[in-house]
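One letter stands for each residue in the lines below.
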Amino acid sequence: MSRSSRTTRWPTRIATAVVAALAATFALTVIAPSAAMAAPLRIMPLGDSITGGPGCWRALLWDRLQRNGFTNIDFVGTLPGGGCSVAHDGDNEGHGGFLATGIANQNQLPGWLSATQPDIVLMHLGTNDVWNNVPAATIIAAFTRLVDQMRASNASMKILVAQIIPMAPSGCTWCPPGVTALNNAIPGWAAGMSTAQSPITVVDQFTGFDTVADTNGDGVHPDDSGFQKISDRWYPALTPLLGGQPTQPPGTPGTPVASGVTASSVALTWTASSGTVTAYQIERCQGSACTNFVQIGTSATATFLNNSGLTASTTYRYRVRASNSAGASPYSGIVNVTTTSSTGCVPTNLTVTGSGPSSITLSWSPPPASCNTAGYDVFRAAGASGGSFALVGQPVNPPFTDTGLASASTFRYQVRARDTQNNVGPFTPVLAATTTSGGGSGGCSATLTLQTGWGNGYVMQPNTVTNTGTSAITGWTVTFALPAGHTITGSWNATVTISGQTVTARGISGQNASLGAGASTTWGFQATRPNGNTAVPSGATCTSP
């Protein structure tokens, strides 16, 4: 009998066993790799409108993570993203107008955690609490409850908590010190709450964030530069939790750009390196052609603000490079910076040349022509003492009229000059000025402003209420019609009620309900709408007692 004939006559049960064995081998070959793949790490961005409306720092962070090989991740949340120019996984828990204390007291977080099952939480909360004058200790107590709820959902939860960005909304004199009090309390609280299984990492989102340059004009909500700074702070804190090490050094950082140059200090910013960056090294030498650079500091982000103690009227050269565990990048280009004169470029004779119930007019004498003055920065602080100064105007020449002030109130002013290279000189001595008493009738006006919109939602901010009368008002009420199918999902700096499609917003007592003659305040809200509907509310009216 031939080999072939013997083969064809194998018993059926043997043939069946062989086929089964081959099938099992094939199945293992095909299935085993996918079964061995690790599940993606689930990351929840948690916060208010700074995170969710549209919160484009999330898009920038997602894009950078993807470009640097951190692809096995999943941003999670019950809210969709949108409205950003960079494609990204938009899921988030950024609830516009929500307070940390409200989320904790109303027990809202457990439902979001149950629906999304995150492994890591990025939390930037507390802005609306501060805006509503909630004490730092109360906010911290809410943080404790939220962390307990996170760990009840996942005992190994990794938690990143932001020291929140600064805020300076119109009329909120308690906001800057409130932010400082909260941020000062966070590190000690985090150290006490952190565990080996569920560590808490504090991320400084405050330092280097400018409420004028990095917000959309309301002193609270970030613009593109603000979103970039927030993303840059999250990235180095988050990546160690994602596993793996970079396989190559970072790319070359951009040439530093100097700003805020004074007689003794300069701030530097640069374009961030590509790749994973652990830190930037900043180097400096003295002299317009010097080459003996020495390292003067490090930074986790593409900014360096702690460069003081310089000599007036002196040229310095700066360069930076980035590093990670795989090595260092090439050096950036070099920037030359010359400090200003210590005394020669100060405006003189700062005086009050006019005042009214809601305005103060200032004038001053320019510095010498050799200072090449291109304009001035006018700063103001409320009250005869205490309080922080904030930029209120940048006139090219004197005089300058500061408007929208409370009547019969004292303010303090400082002025400094800027040259053609945007270097700034020393401040003038402080000058106090007082508005006159108001009188006459009260009244108010209201405007609605679209901050941003996306497919099925939008944010209206800053919406402005102005006292148009000549006497103070003790309350205001704004009404407008909400387009059909639209729903308000959150609001801030106002008490908002809805009846049918009519929206009523009222000032908050003790916060912004009272306005001096000519004074203004702002508020905002976030809303959803049918996908593809581009309508937004308009035509608001305002009444006052």
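Residues numbered from 1 in each chain as written. Predicted model: local features only at pLDDT ≥ 70, side-chain atom pairs only at ≥ 80, totals over all residues. Heavy atoms only, no water.

Quick look at unusual backbone geometry
In plain terms, the rule: What counts as a helix is a DSSP run of H or I of at least four residues, what counts as a strand is a run of E of at least two, and both are numbered from the N terminus.
Along the chain, P398 connects to P399 via a cis peptide bond; the corresponding omega equals 0 degrees. Here P399 lies in the loop between β18 (390-393) and β19 (400-402). A cis amide bond links Q461 to the next residue, P462, at an omega of -5 degrees. Mapped onto the secondary structure, P462 falls in strand β24 (residues 457-467).

Points about the packing of aromatic side chains
As a reminder of what qualifies: Stacked, edge-to-face and tilted are the three classes for Phe, Tyr and Trp ring pairs, Trp counted by its six-membered ring, which pair at centre distances within 6.5 Å; planes under 30 degrees apart are stacked, over 60 edge-to-face, the rest tilted. Only protein chains enter the area calculation, which uses a 1.4 Å probe; residues under 20% of their type maximum are buried, those over 50% are exposed, and those in between are partly exposed. The criterion for a charge sitting over a ring is simple: Lys NZ or Arg CZ within 6 Å of the ring centre, and within 35 degrees of the ring normal.
Tallying each qualifying case throughout the model produces 10 aromatic pairs. Aromatic pair W364 and Y376: ring centres 5.2 Å apart, planes at 70 degrees, arrangement edge-to-face. One end of the pair, W364, is in strand β16 (residues 360-365); the other, Y376, is in strand β17 (residues 373-382), with 12 residues separating them in the sequence. Per residue, the accessibility class of W364 equals that of Y376, and both read buried. The lysine or arginine in question, R319, covers the ring of Y331, its NZ or CZ lying 3.7 Å from the ring centre.

Some remarks on the nonpolar core
To keep things clear, this is the line we draw: Nonpolar core, defined: a set of buried Ala, Val, Leu, Ile, Met, Phe, Trp, Tyr and Cys residues in which side-chain atoms within 4.5 Å join the residues together. Any two residues having at least one pair of non-hydrogen atoms within 4.5 Å are treated as being in contact.
Grouped together as the largest cluster of nonpolar side chains are 40 residues, with contacts concentrated most on L46, M123, F143, M150 and W189. For this core, the secondary-structure elements that each account for two or more residues are β1 (41-47), α5 (100-105), α6 (109-116), β4 (120-124), α7 (127-131), α8 (136-153), β5 (158-163) and α9 (175-193). Discounting chain neighbours no more than four positions away, the residues touching F143 are A100, M123, L125, V161, L182, I186 and W189. By size, the runner-up hydrophobic cluster in this structure holds 26 residues, among which are L65, A162, F209 and I230.

As for the side chain of N512
Just so we agree on the cut-off: Two N or O atoms form a polar contact when they lie within 3.5 Å of each other; inside protein one atom must be a possible hydrogen donor and the other a possible acceptor, and for residues adjacent in sequence the pair counts only when both atoms belong to side chains.
Along the chain, N512 falls in the loop between β28 (502-506) and β29 (520-528). Overall, N512 belongs to the buried group, its relative accessible area being 4%. Polar contacts involving the side chain of N512 include one to the main-chain amide nitrogen of I508, which spans 2.9 Å. Filtering out sequence-adjacent residues up to four positions away, N512 remains in contact with W476, N493, G507, T521 and T522.

Structural notes on the state of the cysteines
The condition that has to hold: In what follows, a disulfide is any cysteine sulfur pair within 2.5 Å.
All chains considered together, the criterion is met by five disulfides. Disulfide pairing places C56 opposite C84 at an S-S distance of 2.0 Å. Measuring handedness by torsion sign, the sulfur bridge of C56 and C84 sits at about -100 degrees and is left-handed. With C56 in the loop between α3 (49-52) and α4 (57-67) and C84 in the loop between β2 (73-75) and β3 (93-94), this residue pair connects regions lying 28 residues apart in the sequence. Accessibility classification places C56 together with C84 in one group, the buried group. What pairs with C345 in a disulfide is C371, and their sulfur atoms sit 2.1 Å apart.

Focus on the sheet that holds strand β20 (residues 410-419)
What counts, and what does not: Pairing between two strands is assigned when DSSP locates at least 2 bridges connecting them. Interaxial angle, 0 to 180 degrees, is taken between N-to-C directions of lines fitted to C-alpha atoms, where a helix line uses only the stretch in contact.
Within the open sheet, the four strands sit side by side as β18-β17-β20-β21. Their pairing is antiparallel. Taken across any chain shown, the strands that pair with only one partner, and hence form the sheet edges, are β18 and β21 (431-434). Averaged over neighbouring strand pairs, the angle between their axes works out to 40 degrees when direction is ignored.

Points about the sheet that holds β28
Pairing is antiparallel across the open sheet formed by four strands, whose spatial order is β27-β28-β25-β30. Of all the strands in the sheet, the pair left with one neighbour each is β27 (495-499) and β30 (541-543). Taking each pair of neighbouring strands and ignoring which way they run, the sheet shows an average axis angle of 20 degrees. Here strand β25 (residues 477-481) pairs with β30 via three bridges, running antiparallel.

Looking at the confidence of the model for the protein
Going by this rule: Per residue, pLDDT measures the predictor's confidence, with a range of 0 to 100.
Residue-level pLDDT values for the protein average 84, and 90% of them are 70 or greater. By mean pLDDT, the top-scoring element of the protein is β4 (97), and the lowest-scoring one is helix α1 (residues 3-8) (33). Low pLDDT, under 50, characterises residues 1-37; the stretch is placed with four contacts to residues that sit more than four places away or in other chains.

Here we look at the packing of α6 against α8
As a reminder of what qualifies: Here the word oblique covers every angle except those under 35 degrees (roughly parallel), over 145 (roughly antiparallel) and from 65 to 115 (roughly perpendicular). Here a crossing is called left-handed whenever its near helix is offset anticlockwise from the far helix by less than a right angle, and right-handed whenever the offset is clockwise. Under this grouping Gly is polar, as are all residues other than the nonpolar Ala, Val, Leu, Ile, Met, Phe, Trp, Tyr, Cys and Pro and the charged Asp, Glu, Lys and Arg.
The N-to-C vectors of α6 and α8 enclose an angle of 30 degrees; their axes lie 10 Å apart at closest approach. Overall, the two elements α6 and α8 adopt an arrangement that is roughly parallel. Between α6 and α8 lies a crossing whose hand is right-handed. Facing L109, P110 and L113 of α6, the residues of α8 in contact are L146, Q149, M150 and S153. Of the residues that constitute the contact of α6 with α8, the class distribution is five nonpolar, two polar and no charged.

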